[in-house]
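Structural description and commentary
The chain contents come next:
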Amino acid sequence: MPRLFDAHNHFQEFPDPADAAAGLRPAVCCSTGPSDWEAVRKLSEGSPSVVPFFGLHPWLIPEAGGDWLAPLGQLLRDTRSGVGECGLDALKPPSLAEQAEVLKRQLELAVLLDRPVSLHCVKAWGPLLDILRASRPLRFLVHSYSGPAEVTRELAALGGYFSFGPAILDERRVKARAALAEVPRERLLFESEAPQANGAPAEILARVHAGAEGLLGLPAGSAAELSARNGAEFLGALAEGR
Ligand SMILES: [Zn+2]
């Protein structure tokens, strides 16, 4: 059984989060805001293969209030963790200007503490690129990626990784499939995005790997290998022992 690296999921939303992580190693579990930080921390303490990421997702900015930054910084210092899920979403409130400020604060923490970042981006590629050029996080991934080729080149030049989930299994998701073909192989990652799709996360991820191998003309088993290698680079020291 190869190691199945899961670049993005929300296991804390499962009734039994430890069970959701079965067969995945390592698995990046992203929190979304103060309300689930403790659940993700607990899960990672009980499941050594789970790498916790702590951050404030753009959708949850309204409910987080004004007092999230200092507790987030403390949590990151106290744990072997990454930063996220954070990012920009032009289709959801609050304004992109407000989302940008929240993202910048989190990228500052990532740079200060030398942590990888998990990014969410919907229809805000220009603003995201501007922020990344200014903030310069050392290691970041864009999850459920579907950006156009010129954005892929810019993100790759900034050192970015790209993660693909169950969307690539749907032939109507033309942009995601086109993006998969454009991404440099050494920056390619895969995610279960659990609990978005139905089924056990390890089975979803195995289907995503097989789908990507089909679309890219890669031999069976190579997507898992590639993702494990790239995932270890992305996580850096956080991968040790996981
Ligand atoms: Zn997510």
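Everything numeric here is computed off the predicted structure, so don't read it as measured data.

Following Gly84, the chain continues into Glu85 via a peptide bond in cis, with omega recorded as 10°. Position of Glu85 relative to the elements: it lies in strand S4 (residues 82-89). For the bond running from Ala194 to Pro195, omega is 5°, close enough to zero to count as cis. Within the secondary structure, Pro195 sits in the loop between strand S8 (188-190) and helix H9 (201-216). Residue Lys123 is not a glycine yet carries a positive backbone phi of 50°. Within the fold, Lys123 resides in the loop between strand S5 (117-122) and helix H6 (125-135). Note on Lys123: 11 C-beta atoms within 10 Å, which makes it exposed. The backbone of Ser144 shows a phi angle near 45°, a positive value even though the residue is not glycine. Note on placement: Ser144 falls in the loop between strand S6 (140-142) and helix H7 (149-157). Judged by C-beta crowding, with 21 C-beta atoms within 10 Å, Ser144 ranks as buried.

The next thing to look at is helix H2 (residues 34-46). Among the residues making up H2, those that are buried are Trp37, Val40, Leu43 and Ser44. On an axial view of H2, the arc spanned by its buried residues comes to 135°, and they lie on one face. Pointing more than 90 degrees away from the buried face of H2 are the exposed residues Ser35, Glu38, Glu45 and Gly46. Of the surrounding secondary structure, the elements contacted by the buried residues of H2 are helix H1 (17-20), strand S2 (27-30), strand S3 (50-54) and helix H4 (69-78).

Attention now moves to the pairing of S4. For S4, the buried fraction is high: seven of the eight residues fall into the buried class. Inspection of the sheet shows S3 paired to S4 by two bridges, in the parallel sense. Its bridge partner lying in S4, Phe53 is registered against Gly82. Taken together, the five bridges between S4 and S5 define a ladder with parallel strand orientation. Bridge pairing in S5 links Leu88 to Cys121. Crossover connection from S4 via helix H5 (residues 96-113) to parallel S5: handedness right-handed.

This part covers the sheet that holds strand S7 (residues 161-164). An order of S1-S2-S3-S4-S5-S6-S7-S8 is seen for the eight strands of this open sheet, with the pairing classed as parallel. In the strand order of this sheet, the two ends are held by strand S1 (6-9) and S8, each with one partner. Looking at each pair of strands side by side, their axes are set apart by 30° on average, direction ignored. Where S5 and S6 come together, three bridges link them in parallel fashion. Looking across to S6, one finds that Val117 is bridged to Phe140. Where H2 meets the sheet, its contacts fall on S2 and S3, and the angle it forms with S3 comes to roughly 160°.

Bringing the packing of H5 against H6 into the picture now. One way to put it is that H5 packs onto H6 with a least axis distance of 10 Å and a crossing angle of 30°. Considering the angle they form, H5 stands roughly parallel to H6. The two elements H5 and H6 meet at a crossing, and its hand is right-handed. Facing H5, whose interface residues are Leu96, Ala100, Leu103, Lys104, Leu107, Glu108 and Val111, H6 presents Pro127, Ile131 and Ser135. Here the contact of H5 with H6 is composed, by residue class, of seven nonpolar, one polar and two charged.

Let us look at the nonpolar core. With 68 residues, the main nonpolar core has Cys29, Leu141 and Phe162 as its most contacted residues. Residues contacting Leu141, with those up to four places away along its chain left out, are Ala7, Ser118, Leu119, Gly160, Tyr161, Phe162, Ser163, Leu189 and Phe234.

Here H4 has its buried residues at Leu72, Leu75 and Leu76. Down the axis of H4, the sector holding all buried residues measures 100°, keeping them to one side. Counted as exposed and oriented over 90 degrees from the buried face of H4: Ala70, Gln74, Arg77 and Asp78. For H4, the secondary structure elements touched by its buried residues are H2, S3, S4 and H5.

Conventions adopted
Residues numbered from 1 in each chain as written. Predicted model: local features only at pLDDT ≥ 70, side-chain atom pairs only at ≥ 80, totals over all residues. Helix = DSSP H or I, 4+ residues; strand = E, 2+ residues; numbered from the N terminus. Buried ≥ 20, exposed ≤ 12 C-beta atoms within 10 Å, placed from the backbone. Arc of directions from axis to C-beta. Contact = placed C-beta atoms within 7 Å. Pairing = 2+ DSSP bridges. Right-handed = clockwise from strand over helix to strand, strands pointing away. Axes fitted to C-alpha atoms, helices over the stretch in contact; angles between N-to-C directions. Parallel < 35°, antiparallel > 145°, perpendicular 65-115°, else oblique. Left-handed = near helix turned anticlockwise from the far one by under 90°. Nonpolar A, V, L, I, M, F, W, Y, C, P; charged D, E, K, R; others polar. Core = buried A, V, L, I, M, F, W, Y, C linked by C-beta atoms within 7 Å.

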